[in-house]
Amino acid sequence: MLGIDDEREDATLLGTGFALRLARNLARELGGSLVIEPSILTLRLPAAVNSQVGQAI
């Protein structure tokens, strides 16, 4: 799926594959992950703790 834009001859520079690669790389930078499976995308990011607001349960 990450190469989806490469399969078409008229692929745009900023298509679906680019967006997914960008999201995956940003998630990794934040200590998370983007898992791509045939029927589901799972984005996992670490929880943020804000002492003024509190932490979600």
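Given the structure is predicted, the values throughout are model-derived calculations rather than measurements.

**Quick look at the overall build of the protein chain**
Consideration 1: A count of helical and extended segments in the protein chain gives one helix and two strands.
Consideration 2: Its helices and strands taken in sequence order, the protein chain reads α-β-β from the N to the C terminus.
Consideration 3: Taking all 57 residues of the protein chain together, 14% fall into the buried category.
Consideration 4: Contacts in the protein chain between residues far apart in sequence, at least 24 positions, make up 8% of those at least 6 positions apart.
Consideration 5: Of the roughly 4,900 Å² that the protein chain leaves accessible, carbon and sulfur atoms contribute 56%.

**Some words on the pairing of strand S2 (residues 40-44)**
Consideration 1: In this structure, strand S1 (residues 33-37) lies alongside S2, joined through five bridges in antiparallel fashion. Paired with Glu37 across the strands is Ile40, a residue of S2.
Consideration 2: Turn length for the S1-S2 hairpin, with the two strands adjacent in sequence and antiparallel, is two residues.

**Brief notes about a nonpolar patch on the surface**
Consideration 1: On the surface, Leu14, Phe18, Leu22 and Leu26 cluster together into a nonpolar patch covering about 380 Å² of accessible area.
Consideration 2: Relative to the helices and strands, Leu26 resides in helix H1 (residues 16-29).

**Quick word on H1**
Consideration 1: Between its terminal C-alpha atoms H1 stretches 20 Å, which fits the 20 Å expected from 14 residues at 1.5 Å a residue.
Consideration 2: Of all the positions in H1, only Gly17, Leu20, Arg24 and Ala27 are classed as buried. Along the axis of H1, the buried positions cluster into a sector of 95°, meaning they face one direction only.
Consideration 3: Contacts from the buried residues of H1 go to S1 and S2.
Consideration 4: The positive-phi residue at the C-terminal boundary of H1 is Gly31, with phi of around 90°.

**Comments concerning the confidence of the model for the protein chain**
Consideration 1: Per-residue pLDDT for the protein chain has a mean of 77; in total, 65% of the residues score no lower than 70.
Consideration 2: When mean pLDDT is taken per element in the protein chain, S2 scores highest with 93 and H1 scores lowest with 90.

About the thresholds
- Residues numbered from 1 in each chain as written.
- Predicted model: local features only at pLDDT ≥ 70, side-chain atom pairs only at ≥ 80, totals over all residues.
- Heavy atoms only, no water.
- Helix = DSSP H or I, 4+ residues; strand = E, 2+ residues; numbered from the N terminus.
- Buried < 20%, exposed > 50% of the residue type's maximum accessible area, 1.4 Å probe, protein only.
- Contact = heavy atoms within 4.5 Å.
- Areas by Shrake-Rupley, 256 points an atom, 1.4 Å probe, with all protein chains shown as cover.
- Pairing = 2+ DSSP bridges.
- Patch = residues over 30% accessible without salt bridge, like charges linked within 9 Å, V, L, I, M, F, W, Y side chains within 5 Å.
- Salt bridge = Lys/Arg side-chain N within 4 Å of Asp/Glu carboxyl O.
- Expected span 1.5 Å × (residues − 1).
- Arc of directions from axis to C-beta.
- pLDDT = per-residue confidence, 0-100.

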